[in-house]
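One-letter residues, chain by chain:
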Amino acid sequence: GQYKEMERRVLEELIAQELLWQEANRQGYAATANELEQMLEQMRKRYSSEEAYLADLRQGGFTAESYKEDLRRQIAVRHFIEEMLVRRVALSNEEIHDAYIANQVQLMQPEQVNARHILIALPPDADDGAIAEARGTIERVQAEAKAGTDFSELAKRYSQDATAATGGELGFAVRGMFVKPFEDAVFALKAGELSDIVRTRYGFHLIKLEARREARFLTEAEAGPQLRRYLASQKLQEVLLEEVKSLRAKGHVDVKLAS
């Protein structure tokens, strides 16, 4: 019984998503190429290598192309929701202020680090010879970095990672976005500091910390947009439910639950 109920809810959610996508598409809402590439790039930056990114996609049942199509649909639906439905969600400044006072303790910006890295890749089943060769390479890179060679140039020259083209740049990240050995190393660094050689399942890394943002409470001005989105999303759920019911009643798409 519980499994059937969960299955029914999942199917209902899929139907709702499909209805919204088809209506967004029918009305001409679409993702621009720039939006799509920016979102894909943000996703890729969360992984230490292109291989790790693709492996995670496969685990979620996607290929690179099918995931790109899924994102394209998500962006189109977001435009539809923002431009057509959000107009029906009214929020006052007083509601935002009251929400800030009630949730001030929870409104915290977590500690963040902005780093660059260089990866000398190794497969999990690498033999001793390959490991020794990779370690020798990362040690030579480390020596060049310590001697003052620009880290981003070293990354472009040596890194076997998708971030090599941008000098190993990872952007600001919070805990939980990297594998454990990498996370431990990067969060232990001070701004401008170079790490020791770090071994992960992807290979050997050298990390340089560019900047750090310590955890702190957000001001009301900073938290305002976040609170507005949160409160609007609560009201929007009701509006979306009404919209989906309306679209199903109009019969714009032929999607039915399995009986």
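Please read all numbers here as calculations on a predicted model, not as lab measurements. (Residues numbered from 1 in each chain as written. Predicted model: local features only at pLDDT ≥ 70, side-chain atom pairs only at ≥ 80, totals over all residues. Heavy atoms only, no water.)

This brings us to the overall build of the protein chain. Scanning the protein chain for helices and strands turns up 9 helices and 6 strands. Its C-alpha atoms give the protein chain principal-axis dimensions of about 65 × 45 × 40 Å. Buried residues in the protein chain amount to 37% of all 259 residues. When contacts within the protein chain are restricted to residue pairs at least 6 apart in sequence, those whose partners lie at least 24 apart make up 73%. Total accessible area on the protein chain is roughly 15700 Å²; 50% of this is exposed by carbon and sulfur atoms. With 36 positive and 43 negative side-chain charges, the protein chain shows a spacing of 2 Å between the two charge centroids. (Helix = DSSP H or I, 4+ residues; strand = E, 2+ residues; numbered from the N terminus. Buried < 20%, exposed > 50% of the residue type's maximum accessible area, 1.4 Å probe, protein only. Contact = heavy atoms within 4.5 Å. Areas by Shrake-Rupley, 256 points an atom, 1.4 Å probe, with all protein chains shown as cover. Lys, Arg positive; Asp, Glu negative; His and termini not counted. Charge placed at Lys NZ, Arg CZ, Asp CG, Glu CD.)

With that settled, consider the pairing of strand β2 (residues 112–121). Where burial is concerned, most of β2 is hidden: 9 out of the 10 residues are buried. The pairing of β2 with strand β5 (residues 203–213) spans 10 bridges and is classified as antiparallel. Bridge pairing in β5 links leucine 119 to histidine 205. As paired elements, β2 and strand β3 (residues 169–173) share 4 bridges and run antiparallel to each other. Among the inter-strand pairings, arginine 116 is bridged to a residue of β3, identified as glutamate 169. (Pairing = 2+ DSSP bridges.)

What the rule picks out here adds up to 16 salt bridges. Across the pair glutamate 95 and lysine 235 runs a salt bridge, and its minimum N-O distance is 3.4 Å. Residue glutamate 95 is found in helix α5 (residues 93–103), and its partner lysine 235 is found in helix α9 (residues 220–250); the two are separated by 140 residues along the sequence. With relative accessibility at 33%, the residue glutamate 95 sits in the partly exposed group. (Salt bridge = Lys/Arg side-chain N within 4 Å of Asp/Glu carboxyl O.)

Functional significance is not addressed by these values, which are geometric in nature.
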